[in-house]
Amino acid sequence: MKKLIIILIILGTLIVANIFIKNKDSQSKINMPTLSEVISLEFSVSDYKISNDSNKIILIANESCYEIQDLGSCADFSKIQLLHNFLQRRVKDVYDKTLENLNRLGFKNVKTNSSIVVNNTATLIFGNTNKYNEVYVLLADKIYKVEYFQGIFETTSKYWADKSSVLLPFVETDEFTVQIIKHNGNNKAIRCKFIEHRDFSDTKYSTLRNSFFDLYASDITRLVEKDESLFSDSGISVLFDHPYTGEEMYSFEIWKDDHLVYFASKYSENEKNNLKYTIPNSVYENISIYCKK
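Every value quoted in this text rests on a predicted model; they were computed, and no experiment measured them.

Parameters at a glance
In this numbering scheme, every chain counts its residues from 1 along its sequence in written order. Note on the predicted model: pLDDT of at least 70 is required for a residue's local features to be given, and 80 or more for side-chain atom pairs to be given and counted; whole-chain, interface and lining totals, by contrast, use all residues. Values reported for side chains reflect all heavy atoms of the structure, with hydrogen atoms and water molecules removed beforehand. Helix numbers and strand numbers start at the N terminus; a helix is a DSSP run of H or I with at least 4 residues, a strand a run of E with at least 2. Residue burial is assigned from relative accessible area. The probe radius is 1.4 Å, only protein chains are included, and a residue is buried under 20% of its type maximum, exposed over 50%, and partly exposed in between. Contacts between residues were defined by any pair of non-hydrogen atoms, one from each residue, lying within 4.5 Å. Each accessible area value is a Shrake-Rupley result obtained with a 1.4 Å probe; residue values ignore everything except the protein chains displayed when judging cover. The working definition used for a salt bridge is a side-chain nitrogen of Lys or Arg within 4 Å of a carboxyl oxygen of Asp or Glu. In summary, the pairing rule links any two rings of Phe, Tyr or Trp, Trp by its six-membered ring, whose centres are within 6.5 Å, and it sorts them by plane angle into stacked for under 30 degrees, edge-to-face for over 60 and tilted for everything else. Charge-over-ring contacts are defined here by two conditions on Lys NZ or Arg CZ: a distance within 6 Å of the ring centre and an angle within 35 degrees of the ring normal. Directions drawn from the helix axis to the C-beta atoms are what define this arc. Under this scheme, a helix contributes an axis fitted over its contacting stretch, all axes are lines through C-alpha atoms, and angles between N-to-C directions fall in the 0 to 180 degree range. Should an angle fall under 35 degrees it is called roughly parallel, over 145 degrees roughly antiparallel, and 65 to 115 degrees roughly perpendicular, with every other angle called oblique. Take the far helix as your reference; a near helix turned counterclockwise from it by less than a right angle gives a left-handed crossing, and one turned clockwise gives a right-handed crossing. Three classes are used: nonpolar for Ala, Val, Leu, Ile, Met, Phe, Trp, Tyr, Cys and Pro, charged for Asp, Glu, Lys and Arg, and polar for all others, with Gly counted as polar. To qualify as a nonpolar core, a set must consist of buried Ala, Val, Leu, Ile, Met, Phe, Trp, Tyr and Cys residues joined through side-chain atoms within 4.5 Å.

1. What about the overall build of the protein chain?
So, point 1. On a plain count of helices and strands, the protein chain comes out with eight helices and 16 strands.
So, point 2. Buried positions account for 43% of the 293 residues belonging to the protein chain.
So, point 3. Look at the contacts in the protein chain between residues 6 or more apart in sequence, and 59% of them connect residues 24 or more apart.
So, point 4. As displayed, the protein chain has an accessible area near 17,500 Å², and 51% of this comes from carbon and sulfur atoms.

Dropping the structure here:
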């Protein structure tokens, strides 16, 4: 009986000690700052500059969204939220910036590391990601261990661009005539198809109609001089004209290059709109079929 009492006392002591250690550890984690607090982020983020493998992308806050610099196009809100959430995560551990820790945690050559500059002031340099989905972040003279969020190092417009808006400014109730024109180089072009607005609702045009009204981009980049030459050499123009006055309401070019299909508004007076969008190959097939005679 005496031995049993001794065993119970020892077990009780171990349980109490374990609870005390856990409470102390939990309290320590609660007292850890968030990454935002570490970088003294008192206000909202005005801009992010993300660098990875010598590539970079800059996201700048405006009144309605975060805009991708040089594109003038909004970034996907859900992707921006990843960055915000990352900054709000509590630090899990802190290490001194020693040579040993730099080498061990992935900072042997910080010039090649991914980085994020917040508000053009605080530079977060990223090291290794461990098996617990935690990443090591170098800031000034400390290294912080924080929960990692997949995608925050991406530097492509394909990842960041908002693809939730359709490319054509029409709804199915709008009235217009459609012209499909094929360019054959040397300023030569042929009209492949002319569709009156009263005929456009015919079921034989349903595939073409759906291609227009459900047209979303998978990527967005700037137009370059090479793209302009493709307009006149091998592109297809699609013109939407007013059904009663014949006045052009909208037009775009579509062309293939390196197995990808691109879309661009041909007559854009606003420089921000001088962009090309990568779209599904099926859209090109649905339009170009009218030029295969």
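2. Here we look at the pattern of salt bridges
Side-chain pairing between opposite charges can occur once the charged atoms of the two side chains come close.
So, point 1. Tallied over the full model, the rule gives nine salt bridges.
So, point 2. For Glu147, the salt bridge goes to Arg89, with nearest N and O atoms at 2.9 Å. Separated by 58 residues along the polypeptide, Glu147 in strand β9 (residues 142-147) and Arg89 in the loop between α3 (77-88) and β5 (93-96) bring together distant segments of the chain.
So, point 3. For Glu147, a relative accessible area of 27% gives the class partly exposed.
So, point 4. Given a relative accessible area of 31%, Arg89 falls into the partly exposed group.
So, point 5. Taken together, the shared-partner salt bridges in this structure form one network comprising Lys92, Glu134 and Lys145.

3. Quick notes on the packing of aromatic side chains
So, point 1. Under the counting rule described, the total for this entry stands at 21 aromatic pairs.
So, point 2. Consider the rings of Tyr159 and Trp160, whose centres lie 5.0 Å apart with planes at 85°: the pair is edge-to-face.
So, point 3. Residue classification places Tyr159 among the buried residues on the basis of a relative accessible area of 17%.
So, point 4. Cluster of aromatic residues (ring-pair linked, three or more members): Phe170, Phe176, Phe200, Tyr205, Phe212, Phe240, Tyr250, Phe252, Phe263, Tyr277 and Tyr290.
So, point 5. We note Lys79 situated over the ring of Tyr159; from NZ or CZ to the ring centre the distance is 4.1 Å.

4. Here we look at helix α8 (residues 281-288)
Side chains of residues three or four places apart in an α-helix project in the same direction, reflecting 3.6 residues per turn.
So, point 1. Residues of α8 that are buried include every one of Val283, Tyr284, Ile287 and Ser288, and no others. Across the axial projection of α8, the buried residues extend over an arc of 120°, all falling on one side.
So, point 2. Taken together, the buried residues of α8 touch β10 (177-183), α6 (206-213), β13 (236-241), β14 (248-257), β15 (260-265) and β16 (275-279).

5. Section: the packing of α6 against α8
So, point 1. One way to put it is that α6 packs onto α8 with a least axis distance of 9 Å and a crossing angle of 135°. Judged on the interaxial angle alone, α8 and α6 are oblique. In terms of crossing hand, the pair formed by α6 and α8 is left-handed. Here α6 contributes Thr207, Leu208, Ser211 and Phe212 to the contact with α8, which in turn contributes Val283, Asn286 and Ile287.
So, point 2. Residues of the contact of α6 with α8, tallied by class, amount to four nonpolar, three polar and no charged.

6. Overview of the nonpolar core
So, point 1. By size, the foremost hydrophobic cluster in this structure holds 67 residues, and its most contacted members are Leu59, Phe86, Leu124, Phe212, Phe240, Phe252 and Ile287.
So, point 2. The element that contributes the greatest number of residues to this core is α3, accounting for four residues.
So, point 3. Excluding anything up to four places from it in sequence, Leu59 contacts Ser46, Asp47, Tyr48, Ile50, Tyr66, Glu67, Ile68, Ala75, Ile80, Leu83 and Trp160.
So, point 4. Among the nonpolar cores identified, the runner-up in size contains eight residues, and Tyr95, Phe107, Ile125 and Ile143 belong to it.

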